[in-house]
Each structure stands twice: as C-alpha cells, then as structure tokens.
Amino acid sequence: MRTVNEVSKLTGVSIRALQYYDKIGLLKPTKYTESGYRLYDDTALERLQQILLFRELEFPLKEIGEIISRPDFDKNQALEQQITLLTLKKERLERLIDFARGIKFTGVRTMDFLAFDTTKIDEYTQQAKAQWGKTAEYKEFEQKSQERSKEEERAVMEQFMQIFVEFGKIKDRAAEATEAQSLVKRLQEYIMHNFYTCSNEILAGLGQMYDAGGEFTANIDRVGGNGTAAFAAEAVRVYCNT
C-alpha cells in the first residue's frame with residue numbers, strides 16, 4: 001500500500017488532484033486508515049495509469065471515468081495507444097534536439113521548421129478520441145470543430161488561451177475576488193459557445209486538469225506566467241463550489 005503522498009511523488013499527480021479524483025469517484029483509494037489517510041494498492045495505481053493516458057489524449061475527467069468503467073474497456077488496447085502516442089512525442093523531441101544542435105554547432109540560420117511539426121501527433125490523438133469519445137459533450141465538440149475552418153479553429157484556440165493571459169494578470173489576487181470569478185464565468189461561457197455544454201461539474205474537472213501538471217499546466221503557465229494554472233484552477237474550484 002502507498003500513501004497519497006507517496007503516490008503523488010511516484011506519479012507526479014498533485015495531492016490535491018488525487019483528493020479530487022477521490023471526491024468525484026474517478027479514483028477511489030483502496031482503503032482509508034483509522035486516521036482517514038488514503039492508501040492505494042497496485043490495482044488503484046493501474047487505474048491511475050489509465051487516467052493519465054486519457055489525460056494525455058486531453059479527455060475531460062468525466063469522460064475518462066465513463067470510459068475506463070465500461071465493461072468492454074480494453075486495457076491492452078489503451079496501453080498500445082499510449083505507447084504509440086509517447087513514441088510519436090519522443091520522435092518529435094529528438095527532431096527538435098537535432099534541430100537545436102545544428103543551429104548551435106553550425107551557426108547556420110535556417111528556415112526549416114519541420115522539426116516543429118505536430119501533424120502526426122495531432123492526427124493520432126484525434127483518432128484515439130474518435131474511438132473512445134462517446135459522450136454527448138464530445139460529439140458536440142466534434143460537430144462544432146468540423147464546422148470551422150483551420151483558420152477559424154486557430155482563432156478560437158487563441159481567444160481561449162487569451163482568457164488565461166487575463167488570469168495571469170491577476171494571479172496575485174485572491175481566487176474569490178470578483179475579477180477572478182468573472183473570468184471563470186467568461187471561461188465557462190466561452191467553452192459553452194465554442195466547444196461543448198460545460199456544466200459546473202465538467203468545469204470543475206477541467207479546473208483540476210489545469211493544475212494537475214503536464215501539457216495543460218505548461219501551456220497555461222506559458223501564456224499567463226508561472227502560477228497561472230494553479231490560480232485559475234483555484235478560481236474555478238471556488239466558482240463551482242459557490
């Protein structure tokens with residue numbers, strides 16, 4: 001058995017996220033100690049691995065819970081998808097490293113941007129989502145995405161990330177502040193209008209993902225500055241609990 005602190009250190013998932021997973025029934029501890037501390041066995045860790053896989057595929061937590069709880073869920077197939085996705089990401093990183101080394105050692109100014117191409121990763125991710133995404137929210141998201149051109153899709157994502165730029169500007173304030181709560185409302189309305197029906201339950205899950213580490217957290221902190229993802233997540237938590 002491992003404690004919640006040990007699981008957090010082992011997996012990189014924050015203690016707060018693990019506590020939230022327990023609260024929403026996504027990942028229940030194997031048992032609790034008499035003092036109320038969470039304990040996890042290997043079966044629970046295996047479920048956490050599956051959760052992290054679908055987080056890499058950018059699924060909302062609600063959908064992840066539905067997917068991995070299905071009687072026909074194929075663990076081996078999911079693992080194969082994880083291996084493929086990680087391999088594609090590894091190959092892209094190797095291209096970027098070679099690209100950077102070439103500039104460093106030759107000093108040549110090059111306009112070759114192929115090393116930055118994420119087409120294969122994006123295509124594979126979409127294929128995986130198409131296979132596992134069965135919820136009404138995902139179908140709504142897919143339909144709205146198909147109705148937009150690539151330029152429109154890019155503009156939608158840029159405007160979406162601009163909301164986190166605004167979060168970054170006020171991250172030194174309290175999450176309960178009017179400005180922060182107004183931004184959360186704006187975030188929810190933007191998701192509703194451009195992606196899918198975003199209930200408070202879904203929004204709460206998204207907030208946890210923002211601060212759970214990985215690509216979501218990195219992208220938010222990149223546009224808003226370090227700590228923006230944590231601040232946005234806390235503001236979402238306050239909003240959804242009010």
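These numbers were taken from a predicted model, which means no experiment stands behind them.

Caption draft 1: The sheet that holds strand E3 (residues 38-40), seen in detail. An order of E1-E3-E2 is seen for the three strands of this open sheet, with the pairing classed as antiparallel. One side of each edge strand has no neighbouring strand; the edge strands of this open sheet are strand E1 (2-3) and strand E2 (31-32). By the bridge criterion, two bridges tie E2 to E3 in an arrangement that is antiparallel. The partner of Lys-31 across the bridge, within E3, is Leu-39.

Caption draft 2: Spotlight on the side chain of Lys-144. Within the secondary structure, Lys-144 sits in helix H7 (residues 136-146). Among the polar contacts listed, one links the side chain of Lys-144 to the backbone oxygen of His-193, at a separation of 3.3 Å. Residue contacts for Lys-144: discarding those within four places in its chain leaves Met-192, His-193, Asn-194, Phe-195 and Tyr-196.

Caption draft 3: Just the environment of Pro-29, in detail. Looking at the secondary structure, you find Pro-29 in the loop between helix H2 (15-23) and E2. Spatially, the C-alpha atom of Pro-29 lies 5.1 Å from that of Tyr-40, the residues being 11 residues apart in sequence. Excluding anything up to four places from it in sequence, Pro-29 contacts Asp-22, Arg-38, Leu-39 and Tyr-40.

Caption draft 4: Structural view of the packing of aromatic side chains. Within the structure shown, the criterion is met by seven aromatic pairs. Judged by centre distance (5.5 Å) and plane angle (90°), the ring pair of Phe-160 and Phe-195 falls under edge-to-face. With Phe-160 in helix H8 (residues 150-169) and Phe-195 in the loop between helix H9 (178-194) and helix H10 (200-210), this residue pair connects regions lying 35 residues apart in the sequence. Accessibility classification places Phe-160 together with Phe-195 in one group, the buried group. Here Phe-167 and Phe-231 contribute two aromatic rings whose centre-to-centre distance is 6.2 Å and whose plane-to-plane angle is 70°, an arrangement assigned as edge-to-face. Linking Phe-167 in helix H8 with Phe-231 in helix H12 (residues 228-241), this pair joins segments that are 64 residues apart in sequence. Like Phe-231, Phe-167 is buried.

Caption draft 5: The confidence of the model for the protein chain, seen in detail. On average, residues of the protein chain score 82 in pLDDT, and 82% of them are at 70 or above. Segment residues 108-113 is flagged for pLDDT under 50; beyond a separation of four residues in sequence, or across chains, it makes four contacts in the model.

Reading guide: rules and limits
Residues numbered from 1 in each chain as written. Predicted model: local features only at pLDDT ≥ 70, side-chain atom pairs only at ≥ 80, totals over all residues. Heavy atoms only, no water. Pairing = 2+ DSSP bridges. Helix = DSSP H or I, 4+ residues; strand = E, 2+ residues; numbered from the N terminus. Polar contact = N/O pair within 3.5 Å; in protein donor to acceptor, adjacent residues only side chain to side chain. Contact = heavy atoms within 4.5 Å. Phe/Tyr/Trp six-rings, centres within 6.5 Å; stacked < 30°, edge-to-face > 60°. Buried < 20%, exposed > 50% of the residue type's maximum accessible area, 1.4 Å probe, protein only. pLDDT = per-residue confidence, 0-100.

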